[in-house]
Amino acid sequence: MDPYRRTHKRTTPTNDQQALAINATLNQVASRIAAGNMLLDALNRRFGGDTGKFRAWLKNNVDISTATAVRAMQLAQHGAMLDAEGYTSLQDVYRLLGLDERVTLSELQQLAVIIDPAA
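All values derive from a computational prediction rather than experimental measurement. The numbering scheme is per chain: residues are counted from 1 as the chain's sequence reads. Totals for whole chains, interfaces and linings use all residues, but because this is a predicted model, local features are given only for residues with pLDDT of at least 70 and pairs of side-chain atoms are given and counted only at 80 or more. Think of the side-chain values as coming from all heavy atoms in the structure, minus any hydrogens and water.

### What about the environment of D83?
No. 1: With respect to the helices and strands, D83 occurs in helix α5 (residues 79-85).
No. 2: The spacing of D83 and V29 is 54 residues in sequence and 8.5 Å in space, taken between C-alpha atoms. Secondary structure elements are defined from DSSP: runs of H or I of at least 4 residues count as helices, runs of E of at least 2 residues count as strands, and each element is numbered from the N terminus.

### Describing the nonpolar core
No. 1: Formed by 15 residues in total, the largest nonpolar core has its most connected members in L39, F54, W57 and M73.
No. 2: Taken together, the elements giving at least two residues each to this core come down to α2 (29-46), α3 (51-61), α4 (66-77) and α7 (105-111).
No. 3: Ranked by the residues each element gives to this core, the list is headed by α4, at five residues.
No. 4: Note on contacts: a residue pair is in contact if any heavy atoms of the two residues lie within 4.5 Å. For F54, the residues in contact, after removing those within four places along its chain, are L39, A42, L43, F47, M73 and L108.
No. 5: The next biggest cluster of nonpolar side chains, apart from the first, holds six residues, and it includes V29, L82, L90 and V93. In these notes, a set of buried Ala, Val, Leu, Ile, Met, Phe, Trp, Tyr and Cys residues joined through side-chain atoms within 4.5 Å is what counts as a nonpolar core. Buried residues are those whose accessible area, probed at 1.4 Å on protein chains only, stays under 20% of the maximum for their type, while exposed residues exceed 50% and partly exposed ones sit between those limits.

### Some words on the packing of α2 against α4
No. 1: Running from N to C, α2 and α4 point in directions that differ by 105°, and their axes come no closer than 7 Å. What the angle tells us is that α2 and α4 run roughly perpendicular. Of α4, the residues touching α2 (which contributes R32, I33, G36, N37, L39, L40 and L43) are T68, A69, A72, M73, L75, A76 and Q77.
No. 2: Only Asp, Glu, Lys and Arg are considered charged in this grouping, and only Ala, Val, Leu, Ile, Met, Phe, Trp, Tyr, Cys and Pro are considered nonpolar; every other residue, Gly among them, is considered polar. Classifying every residue of the contact of α2 with α4 gives nine nonpolar, four polar and one charged. Note on geometry: axes are C-alpha line fits, over the in-contact stretch for helices, and angles between N-to-C directions span 0 to 180 degrees. When describing relative orientation, an angle under 35 degrees is termed roughly parallel and one over 145 degrees roughly antiparallel, while 65 to 115 degrees is termed roughly perpendicular and anything else oblique.

### Remarks on the confidence of the model for the chain
No. 1: As a per-residue measure, pLDDT reflects the predictor's confidence and takes values from 0 up to 100. Of the residues in the chain, 77% have a pLDDT of 70 or more, and the chain-wide mean is 76.
No. 2: Here helix α1 (residues 17-26) is the element of the chain with the lowest mean pLDDT, 65, and α3 is the one with the highest, 89.
No. 3: Within the model, pLDDT remains below 50 along residues 1-10, and this stretch shows 24 contacts once partners closer than five positions in the same chain are excluded.

As structure tokens, then:
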């Protein structure tokens, strides 16, 4: 991915190429989708959908909040569509999917799907 590719809408107007590259990395949808897929795998394969164990593991081992993890997993569920549409701005994607900063426990529980480890 070209780090200088402009997003659909920047949060900070700038023409500074280095700042554009940093902003693109910070708001990179593809990175969040990849992380979301890994988080979904941990929640559902490693912890068998147990959100309590998952949240404890997340708090003790991963550098993001539960809310950020939930959002990343929600993005992963829509990854193919977001990639096909070329979205690169998290702000645009959250707006498209109707997501905001408020994350509920029920949203995390909806992401927990029992997966047979043998599968």
